[in-house]
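# Survey of secondary and tertiary structure
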Amino acid sequence: MHLRNSTSSLDKKVSKSMQRHVEQLIDWIDQESAAQAKQLDERRQRSGDGGAERTGETLLDMALVDTRPGLAGATIATFVKRNRERGLPPNRFRVGTPVMTTGNGADVELARGVVVARDSQTLKVSLPFVPDGGRYRLDVQPDEITRQRQKEVLAGLSEAAGRLGQLKEVLLGGRPPESSAATYENSKLNSSQLAAVQQCLSAKDVSIIHGPPGTGKTTTVVELIKASVRQGQKILATAPSNTAVDNLLEKLVAEGVKSVRLGHPARVERSLVEHTLDAQVSRDETMEIVKDMRRESEQYFRRAGRYTRSQPPRGAKQDMYNEGKRLRQDARLLEKTVVDWVLDRADVICATNSINTHLLTGRRFDLAVIDEACQCTEPSCWVPLQLADKLVLAGDHCQLPPTVVSTKAAKEGFTVSLLERLVGLYGNQITTRLATQYRMHHQIMQFSSDHFYESGLLADDSVAEHLLDELTGVSTAALTSTPLQFIDTAGADWDEEQEEGGESRLNRSEARLVMKKINALVECGVTPGSIAVITPYSAQARYIRSLGEFQGVEIDTVDGFQGREKEVVIISCVRSNRDGEIGFLGDTRRMNVALTRARRKLIVIGDSATLGNNEFYSQLLSYFEQVGAYSSVWTEM
């Protein structure tokens, strides 16, 4: 009796703990919503000083130069800078980004839409209509619809039953995850990739693929999906961003997996549009009948509306309206039949985490796979996982966490992804870390391997010793025949400064040295397109771009370059001050991303007197000295 009471008391404590976590997630969503609304309002108040554009989330003084019909009755509006010689400044407008269009003074909202295409000069936005005006302002708009979907699924967890109720208990720590033995062979995978797929197939509840930089995480995910499809399973594959979903879809299609991409075609990579639900439905012959029914329906409505002068036969007008409504409803039902048939035929449904679950009403999936799961907050993952019997998360919690605007929510833990929390909760019981990387020279890899991955990374033979001077057209020199260089600016008085009218920082002297190193690389035959410059600070990225001497060199923030790679990467650390302040360089995961983008050559420019006060950077400096890659800026003058 005493044991039963103790067990009951423990169950109640666990249940309360789970409920508190869910309530905390909902509260964080509300905090983030309020913080983003405040941020948008502040940007709208700064329309005249240029500070709004420096955030990357606002474009000022835009002109509408072209419109054309879009899908579903929308209008595709093309915006450019009124001064066309300027081009667009660096910004965070990506395909799929929700946008608010206002007058240039941000006083009157004109229309809301979504970015469908972009280049250095133009931004194409799908809008419900053509907005009036001569000068426009575009702002990145918070996605409140997605937040509402997250809150709805979280609010329903307290009453969740069936498989979702069981998964909830595992994911919130109420009961341990279960697994059973599974065998799996695949000669295309290395040993750690093979182990990861096998663990995922063995899991009954949840499994994690931890993919450090360059280890072939998405390749492993695709092989897991293929293995699950061969077992007759239906898969829901999602990711936080359209780009990540398209990357996964592209690999699935290449492997011959029958896949359907959900989401507005405007948000999908052009080469993959044919795989969208809209495109596959429109190709079905039945849709010609649907179109005819809709045309006929509209004719009935028009004819009914013409009875204005003469008296129609009694009841004729209502009969025509009724017939029009019937045809419209029948067209919808027939279209839904085609949609259901396309979805039924697919083995994998691909979508962003913000998936419209109403489209999948009544469907359940054997497996939900969420790629790049560390780049989204936990509530984002609950939307797709509610539809599945098992969950696999893939990502790297040692790289950048989800972006959270609310300082309070971030401090309280909103930046801890579901993947990171589950690794802390269950560890190796559900996690397999991929071990062989196919990107970096072993010396570029080693520091991150030691510091973030328990020295567990190995460089594949194909990349372990590769250098710049092995590339066609690149000459052999000290710059091209070594993989690493740290240039120490200590003692040179290359002080950082705060950007005028903003909060970001820049270092002009470091920027000039960056340009000098790019010039030296190009003189050695390295193509500009093989070079990237990354920096923690957006002001520094903007300043280096303004120097603009080399077309093709990619210049971005560390956050903007996550998931990318180049043959050569130059890192400008920026921070140089007498107080040893390093700002958000203190989040060492940001530097882990920066250090692992280069394939053959990594150059880091920084002030050891400032950076060295931090234990992580002190160890990094020691590593550069240990491998003979440390140098002083005085040798560059």
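Residues numbered from 1 in each chain as written. Predicted model: local features only at pLDDT ≥ 70, side-chain atom pairs only at ≥ 80, totals over all residues. Heavy atoms only, no water.

## Here's the deal with the packing of helix α15 (residues 508-523) against helix α16 (residues 538-547)
What counts is decided by this rule: Axis lines are fitted to C-alpha atoms, over the contacting stretch for helices. Their N-to-C directions set the angle, which ranges from 0 to 180 degrees. Here a helix means four or more residues in a row that DSSP labels H or I, a strand means two or more in a row labelled E, and each is numbered from the N terminus. Geometric relationships in this document are graded by angle, where less than 35 degrees denotes roughly parallel, more than 145 denotes roughly antiparallel, 65 to 115 denotes roughly perpendicular, and other angles denote oblique. Take the far helix as your reference; a near helix turned counterclockwise from it by less than a right angle gives a left-handed crossing, and one turned clockwise gives a right-handed crossing. Contact between two residues is taken to exist if any of their heavy atoms lie within 4.5 Å; hydrogens are not considered. Classification convention: Asp, Glu, Lys, Arg as charged; Ala, Val, Leu, Ile, Met, Phe, Trp, Tyr, Cys, Pro as nonpolar; all other residues, Gly among them, as polar.
Running from amino to carboxyl end, α15 crosses α16 at an angle of 50 degrees, the nearest separation of the two axes being 10 Å. When the interaxial angle is binned, α15 and α16 end up oblique. For the pair α15 and α16, the crossing hand works out as right-handed. Residues R508, E510, A511, R512, V514 and M515 of α15 touch α16, and the partners they reach there are Q540, Y543, I544 and L547. Per-class residue counts for the contact of α15 with α16 are 6 nonpolar, 1 polar and 3 charged.

## Topic: empty space enclosed by the protein
Over the atoms, a rolled probe matching the size of one water molecule traces out where space is still vacant. What counts is decided by this rule: Here the term cavity refers to a set of points on a 1 Å grid, laid over the protein atoms alone, in which a 1.4 Å probe fits but cannot get out; the term pocket refers to an open set having protein on both sides within 12 Å along at least five of seven lines, with lining residues being those that place an atom within 4 Å of a point. Grid points are joined across faces, edges and corners, and a volume is the space filled by probe spheres set on the points.
A full pass over the atoms with the stated rule returns 2 cavities of 30 Å³ or more. By volume, the largest cavity amounts to about 50 Å³. Lining the largest cavity are Q443, I444, F447, L484, L595, L602, L620, Y623 and F624. Every element with two or more residues in the lining of the largest cavity is listed here: α14 (442-452) and α20 (615-626). Split into classes, the residues belonging to the lining of the largest cavity amount to 8 nonpolar, 1 polar and no charged. Its boundaries defined by the atoms lining it, the second largest cavity holds a volume of some 40 Å³.

## Description of the packing of aromatic side chains
To describe a pair of aromatic rings, one takes the distance between the centres and the angle between the planes. Heads up, the rule is: Centres within 6.5 Å make a pair out of two Phe, Tyr or Trp rings, where for Trp the six-membered ring is used; the pair is then stacked when the planes are under 30 degrees apart, edge-to-face when over 60, and tilted otherwise. Exposure classes here rest on a 1.4 Å probe applied to the protein chains alone. A residue is buried below 20% of its type maximum, exposed above 50%, and partly exposed in between. Geometrically, a charge over a ring is one whose NZ (Lys) or CZ (Arg) sits within 6 Å of the ring centre while staying within 35 degrees of the ring normal.
Scanning all chains against the criterion turns up 11 aromatic pairs. Their ring planes at 75 degrees and their centres at 5.5 Å tell us that F79 and Y136 sit as a pair that is edge-to-face. Pair noted here: F79 is in strand β2 (residues 75-81) and Y136 is in strand β6 (residues 136-140), with a separation of 57 residues, a long-range link. When the ring of F486 is compared with that of F624, the centres are 5.5 Å apart and the planes differ by 40 degrees; the resulting orientation is tilted. In this pair, F486 sits in strand β16 (residues 484-488) while F624 sits in helix α20, placing the two residues 138 residues apart along the sequence. Grouping residues by exposure puts F486 and F624 together as buried. Linked through ring pairs, F447, F452, Y453, F486, F616, Y617, Y623, F624 and Y630 together constitute an aromatic cluster. Seen from the ring of Y543, R508 lies directly overhead, with NZ or CZ sitting 5.0 Å from the centre. R590 extends its terminal NZ or CZ atom over the ring of F584, reaching a point 4.4 Å from the ring centre.

None of this, on its own, says anything about what the molecule does.
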